[in-house]
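Each chain, written out:
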Amino acid sequence: MGNTMTTKIVKAAVVQAAPVMFDIAATLERCAALVGEAAGQGAELVVFPEAFIGGYPKGLDFGARVGSRSPAGRRDFERYYNAAITLPGPELECLAKVAARHRVHLVIGVIESERGTLYCSAVYLGLDGSFLGKHRKVMPTAMERLVWGCGDGSTLQVVATDLGRLGAVICWENYMPLLRQTMYAQGVELYCAPTVDDREVWGASMRHIAVEGRCFVLSACQYARRADYPPDYDCIQGDDPAAVMIAGGSCIVSPFGEVLAGPLRGGPGILYAELEMAEIVRGKYDLDVAGHYSRGDLFRLEVETRPAGFTTLPGR
């Protein structure tokens, strides 16, 4: 009797593109077209970059100096705030319809507003359009801290799908060892890394994480030119429409660190790869950092998963 074991293959797509800054309707249209293109190539999972809905304010300083904020900077924040979305909300409903129409699992970076605070988040949608969850970036980097709040441990979750166990770690969160371990401990298999980090060294980190976690890593970075931002966008990069604001570098990596697609440079595009899910188990044969390689007798990881408990009005 021959070996009848079959291997599950997941067709994944990573989108490298930019939103239309401050124009949610146009960005949603661009998103729908890109999802349709990926689905047309057989993609079952489509991953978009960090801050695709809402935008990444590359080059703005929001008029901030230590001890002072300018009126113009406050107006810049107002404009950025007004381009964010609420969860749930009509934009999420639109994204859900796109996922359901094309029968894809969708992971996409959004700028989310709650009360007066913005969060850099990633949203998970199922192939039927169901909202599977979100992750709020827990640690904005440098100037990002000025315009984004910190997420809490309640969204540090891996979600089960029929493709595999799916999670997202946003941009420089990937440099937080304990956060990565939190994902590994939940058995992440499809490790999504939405980002705007376009440095060459980013790819080395993605390969390291894939090997460390014995998971597939799908890193989606924006590719943006000055023309993707309005003419009155007062950024340090100037006004040349052809100037590259975010240079891409998206990639897909196997659990053994093999680069299956990318890094994509020089323009927007979509990367595709067929993910042989059995590679995860083959890799964990000799390295399972949440299991036999964890030395649980020596080390403990404790994660506060309760919401941060911000003050709310009575009855809210």
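Use the structure listed above.
Residues numbered from 1 in each chain as written. Predicted model: local features only at pLDDT ≥ 70, side-chain atom pairs only at ≥ 80, totals over all residues. Heavy atoms only, no water.

Caption draft 1: Just the packing of helix α1 (residues 24-40) against helix α3 (residues 90-102), in detail. Where α1 contacts α3, the two axes come as close as 10 Å, and the packing angle between them is 15°. The angle between the axes of α1 and α3 places the two elements in the roughly parallel class. As for how α1 packs across α3, the hand of that crossing is right-handed. Where α1 approaches α3, its residues I24, L28, C31, A32, V35, G36 and A39 are matched on the opposing element by E91, C94, L95, V98 and H102. (Axes fitted to C-alpha atoms, helices over the stretch in contact; angles between N-to-C directions. Helix = DSSP H or I, 4+ residues; strand = E, 2+ residues; numbered from the N terminus. Parallel < 35°, antiparallel > 145°, perpendicular 65-115°, else oblique. Left-handed = near helix turned anticlockwise from the far one by under 90°. Contact = heavy atoms within 4.5 Å.)

Caption draft 2: Main features of a nonpolar patch on the surface. Side chains of W172, Y175 and V201 sit close together on the surface and give an oily, nonpolar patch of about 260 Å² of accessible area. Relative to the helices and strands, Y175 is located in the loop between β9 (165-168) and α5 (177-185). Classification of Y175 as partly exposed rests on a relative accessible area of 33%. (Patch = residues over 30% accessible without salt bridge, like charges linked within 9 Å, V, L, I, M, F, W, Y side chains within 5 Å. Areas by Shrake-Rupley, 256 points an atom, 1.4 Å probe, with all protein chains shown as cover. Salt bridge = Lys/Arg side-chain N within 4 Å of Asp/Glu carboxyl O. Buried < 20%, exposed > 50% of the residue type's maximum accessible area, 1.4 Å probe, protein only.)

Caption draft 3: Representation of the sheet that holds strand β5 (residues 105-114). Reading across the sheet, the six strands line up as β7-β6-β5-β2-β1-β16 and stay open at both edges, with mixed pairing between neighbours. Across the chains shown, the open sheet's two edge strands, defined by having one partner strand only, are β7 (131-136) and β16 (269-276). Each strand of the sheet is rotated relative to its neighbour by a mean of 30°, with strand direction disregarded. Inspection of the sheet shows strand β1 (residues 9-16) paired to strand β2 (residues 45-47) by three bridges, in the parallel sense. Among the inter-strand pairings, V14 is bridged to a residue of β2, identified as V47. Here α1 sits on the sheet and contacts β1, β2, β5 and β16; the angle it forms with β16, its principal contact strand, is near 45°. Its contacts with the sheet put α3 on β5, β6 (117-125) and β7, and the angle it makes with β6 is roughly 20°. (Pairing = 2+ DSSP bridges.)

Caption draft 4: Spatial organisation of the layout of surface pockets. Estimates place the volume of the largest pocket at around 440 Å³. In terms of lining, the second largest pocket is formed by 16 residues, of which the most central are Q181, V289, S294, F299 and L301. Counting residues per element, the lining of the second largest pocket draws most heavily on α5, at six residues. Looking at the lining of the second largest pocket residue by residue, the class counts come to nine nonpolar, three polar and four charged. (1 Å grid on protein atoms, 1.4 Å probe; cavity = no way out; pocket = protein on both sides within 12 Å on 5 of 7 lines; lining within 4 Å. Points joined across faces, edges and corners; volume = space filled by probe spheres on them. Nonpolar A, V, L, I, M, F, W, Y, C, P; charged D, E, K, R; others polar.)

Caption draft 5: Region of interest: the pattern of salt bridges. Across all of its chains, the model carries 17 salt bridges by this definition. Here R180 ties to E212 by a salt bridge, and the two come within 2.8 Å at their closest N and O atoms. Residue R180 is located in helix α5, and its partner E212 is located in helix α6 (residues 201-213); the two are separated by 32 residues in the primary sequence. Comparing R180 with E212 shows no difference in burial state: the two are buried. E276 serves as the salt-bridge partner of R282, at 3.0 Å between the closest nitrogen and oxygen. Salt bridges here are not isolated pairs; linked through shared partners, they connect E112, E114, R115, K134 and R136.

Caption draft 6: Structural context of the environment of L287. Mapped onto the elements, L287 comes out in the segment after α7 (278-284). C-alpha separation for the pair L287 and R214, spaced 73 residues apart in sequence, amounts to 7.5 Å. Setting aside chain neighbours within four positions, we find L287 in contact with V211, E212, R214, H292 and Y293.

Caption draft 7: Representation of unusual backbone geometry within the structure. A cis amide bond, omega 0°, links L87 with the succeeding residue P88. Inspection of the secondary structure assignment puts P88 in the loop between α2 (71-82) and α3. With a phi close to 55°, F62 is a non-glycine residue in the positive phi region. By secondary structure assignment, the location of F62 is in the loop between β2 and β3 (64-65). Classification of F62 by relative accessible area gives buried; the value is 7%.

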